[in-house]
Amino acid sequence: MFSLESNRLRLIPLNTSQLQLHASNYEALQLSLGLTPRLMLMEEYFQNEFDDALANYWLPETAANSVNFQWFTNWLIVHKAHNCVVGGIGVAGLPNDQGETEIGYGIDQAYRNQGIASEALARLSEWVFRHPSTKGLIAYTPADLVHSQKVLQKTGFVSVEEKEGLILWRKLKPN
């Protein structure tokens, strides 16, 4: 099974069948991956965003792009010492004509303010930038989500513009 590792984390991209199991029986998915099952604590806004992405993006896109599914899915963020899921991260497909793809993440409330989002974002960004056509990453945050903005700043993203309560962030591929 393909995964990425950092000091404290393992990032596991979910294929279509794993996403289906996630949707129907999250505990069974965790057990199938050898993880200690636990429920994630997320704000309703983030949970709704996750549920929408699962049904309307990750499942159909991983099915349509099985060879490159890692570019179209949720990656579980696993805390190696605790052997449990503490968040999710992913990109919105292969780089577009401008060489960019969007990245997003969410961290369990109990694991925030521990540098986990920054560590996961840095590690997945490294992987994304290995793709030869990738020139940059973008991310969007609500203007009032200061802790997420700090994560982006810490990992080299720069705010580009604010529109309709959202801030666009960009990180260029290192030379």
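Preceding this section is the structure that the text describes.
Asker: Looking at this structure, I do not really get helix H3 (residues 44–64). What am I missing?
Answerer: Structural remark: α-helix, 3.6 residues per turn; residues separated by three or four positions point the same way. The end-to-end C-alpha distance of H3 is 29 Å, a good match for the 30 Å that 21 residues give at a rise of 1.5 Å each. If you look at H3, its biggest bend is around 45 degrees, right at Leu54. Along H3, the residues classified as buried are Phe46, Ala53, Leu54, Trp58, Leu59 and Thr62. Where the residues of H3 are buried, they touch helix H1 (16–24).

Asker: It is not clear to me how the packing of aromatic side chains should be interpreted in this structure. Could you clarify?
Answerer: For any pair of aromatic rings, geometry is given as the distance between the ring centres together with the angle between the planes. Under the defined criterion, the tally for this structure stands at six aromatic pairs. Judged by centre distance (5.1 Å) and plane angle (65 degrees), the ring pair of Phe50 and Trp58 falls under edge-to-face. On the basis of relative accessibility, which here comes to 12%, the residue Trp58 falls in the buried class. Between Trp71 and Trp127 the ring centres are 4.9 Å apart and the planes differ by 35 degrees, which places this aromatic pair in the tilted class. You can see Trp71 sitting in the loop between H3 and strand E3 (75–79) and its partner Trp127 sitting in helix H4 (residues 116–129), a full 56 residues away along the chain. Just as Trp71 is buried, Trp127 falls in that class too. Chaining the aromatic ring pairs together yields one cluster made of Phe2, Trp71, Trp75 and Trp127.

Asker: How should I be thinking about helix H5 (residues 146–154) in this particular structure?
Answerer: Looking only at H5, the buried set comprises Ser148, Gln149, Val151 and Leu152. For H5, the buried positions fall inside an angular range of 155 degrees around the axis, keeping them on one side. Exposed residues pointing more than 90 degrees away from the buried face of H5 are listed as Lys150 and Lys154. Downstream of H5 by a residue or two, Gly156 has a phi angle that is positive, lying close to 95 degrees.

Rules behind the numbers
- Each chain has its residues counted from 1, running along the sequence as written.
- Under the rules for a predicted model, residues below a pLDDT of 70 receive no local features and side-chain atom pairs below 80 are neither given nor counted, while totals for whole chains, interfaces and linings still include all residues.
- Derived side-chain values reflect all non-hydrogen atoms in the structure, with water molecules and hydrogen atoms excluded from consideration.
- For the purposes of this entry, the term helix denotes a DSSP run of H or I that reaches at least four residues, the term strand denotes a run of E that reaches at least two, and both are numbered from the N terminus.
- How far a helix is expected to stretch is found by multiplying one less than its residue total by 1.5 Å.
- Take the seven residues that end at a residue and the seven that start at it, fit an axis to each, and the angle between those axes is the bend at that residue.
- Burial classification: accessible surface area is computed with a 1.4 Å probe over protein chains only, and a residue below 20% of its type maximum counts as buried, one above 50% as exposed, and the rest as partly exposed.
- Contacts are residue-level and defined by heavy atoms, with any inter-residue pair within 4.5 Å sufficient.
- Aromatic pairing here means that ring centres of Phe, Tyr or Trp (its six-membered ring) are within 6.5 Å. Orientation follows from the plane angle: under 30 degrees is stacked, over 60 is edge-to-face, and everything else is tilted.
- This arc is built from the directions going out from the helix axis to the C-beta atoms.

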